Amino acid sequence: MSLSYSTIAWGASIDKGRQPDVQYGYKAHSTTGTVFNFFSTLGDVAFAYVGHNVVFYIQGTIPSTPEKPSKKPMWKGVIVAYIIVAICYFPVALVGYWAFGNSVEDNILLSLQKRVG
């Protein structure tokens, strides 16, 4: 699902192209606003990687011994999962910013819908 969504999002953004009124500067006009936007963005990134609480449940169900701890395969699984998420969503972020600048919506499909026509 994520692969399909992200491919549709960045593909449609490339198809739409760079908008004529695109601006790449900060949205905030003060240092305080910029700092708050930065922390808000960190929160958005943290919530993009949801499901990390499930990892504890999965790790708790994997047999673990001192010779073969469950930590090692779980660590590999988490790294692979984060890499897949990054491969899916970094192109969306980069192409979305290229196409819409700082006026891109939180959901890029909304930005595409507004610009139709």
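The structure reproduced in this document is the subject of the present report. Residue positions within a chain follow its written sequence, with the count starting from 1. In keeping with the predicted nature of the model, local features appear solely for residues at pLDDT of at least 70, side-chain atom pairs appear and are counted solely at 80 or more, and the whole-chain, interface and lining totals rest on all residues. Note: side-chain values were computed over all heavy atoms of the structure, leaving out hydrogens and water.

**What about the overall build of the protein?**
Right, so step 1: Within the protein, the regular secondary structure consists of five helices and zero strands.
Right, so step 2: Order of helices (α) and strands (β) in the protein, N terminus to C terminus: α-α-α-α-α.
Right, so step 3: The globule rule used here is 2.2 Å times the number of residues to the 0.38 power, and the radius of gyration it is set against is calculated over C-alpha atoms. Its C-alpha atoms give the protein a radius of gyration of 19 Å, more than 25% over the compact-globule value 13 Å for 117 residues.
Right, so step 4: Taking the principal axes of the C-alpha coordinates as reference, the protein spans close to 60 × 35 × 15 Å.
Right, so step 5: Counting the 117 residues in the protein, one finds 20% classified as buried.
Right, so step 6: Pairs at least 24 residues apart make up 69% of the contacts formed inside the protein by residues separated by at least 6 positions.
Right, so step 7: Within this scheme the basic residues Lys and Arg register as positive and the acidic residues Asp and Glu register as negative, but His and the chain ends are omitted. Note on charges: their place is set at NZ of Lys, CZ of Arg, CG of Asp or CD of Glu. When the 9 basic and 6 acidic side-chain charges of the protein are each reduced to a single mean position, those positions are 8 Å apart. Helix and strand assignments follow DSSP, with helices taken as H or I runs no shorter than four residues and strands as E runs no shorter than two, numbered in order from the N terminus. Between buried and exposed lies partly exposed: a residue is buried under 20% and exposed over 50% of the maximum accessible area for its type, with that area taken using a 1.4 Å probe on protein chains only. Only heavy atoms matter for contacts: two residues are in contact if any of them lie within 4.5 Å across the pair.

**A short note on a nonpolar patch on the surface**
Right, so step 1: A cluster of nonpolar side chains, Trp10, Ile14, Tyr24, Tyr97 and Trp98, forms an exposed patch at the surface whose accessible area comes to about 470 Å².
Right, so step 2: Every element with two or more residues in the nonpolar patch is listed here: α1 (2-16) and α4 (71-100).
Right, so step 3: Looking at where Tyr24 falls in the secondary structure, it is placed in the loop between α1 and α2 (31-48). Each patch is built from residues that are more than 30% exposed by relative accessible area and take part in no salt bridge. Like charges join if they lie within 9 Å; nonpolar side chains (Val, Leu, Ile, Met, Phe, Trp, Tyr) join within 5 Å. Per-residue and other accessible areas were derived by the Shrake-Rupley procedure at a 1.4 Å probe size, with only the shown protein chains allowed to occlude residues. One side-chain nitrogen of Lys or Arg within 4 Å of one carboxyl oxygen of Asp or Glu is enough to make a salt bridge.

**Structural notes on the layout of surface pockets**
Right, so step 1: Its volume calculated, the largest pocket comes out at about 1300 Å³.
Right, so step 2: Space inside and on the surface of the protein is sampled on a 1 Å grid over the protein atoms alone, with a cavity defined as a set of points where a 1.4 Å probe fits but cannot get out and a pocket as an open set with protein on both sides within 12 Å along at least 5 of 7 lines; lining residues have an atom within 4 Å of a point. Lining the largest pocket are 31 residues, and of these Thr41, Asp44, Ala93, Val104 and Asp106 sit closest to its centre.
Right, so step 3: At the level of secondary structure, the elements contributing two or more residues to the lining of the largest pocket comprise α2 and α4.
Right, so step 4: Per-element tally for the lining of the largest pocket: the top contributor is α4, with nine residues.
Right, so step 5: When the residues that make up the lining of the largest pocket are grouped by side-chain class, the tally is 18 nonpolar, nine polar and four charged. Grid points are joined across faces, edges and corners, and a volume is the space filled by probe spheres set on the points. In this classification, Asp, Glu, Lys and Arg are treated as charged, Ala, Val, Leu, Ile, Met, Phe, Trp, Tyr, Cys and Pro as nonpolar, and every other residue, Gly included, as polar.

Bear in mind that shape data such as this cannot, by itself, settle questions of function.
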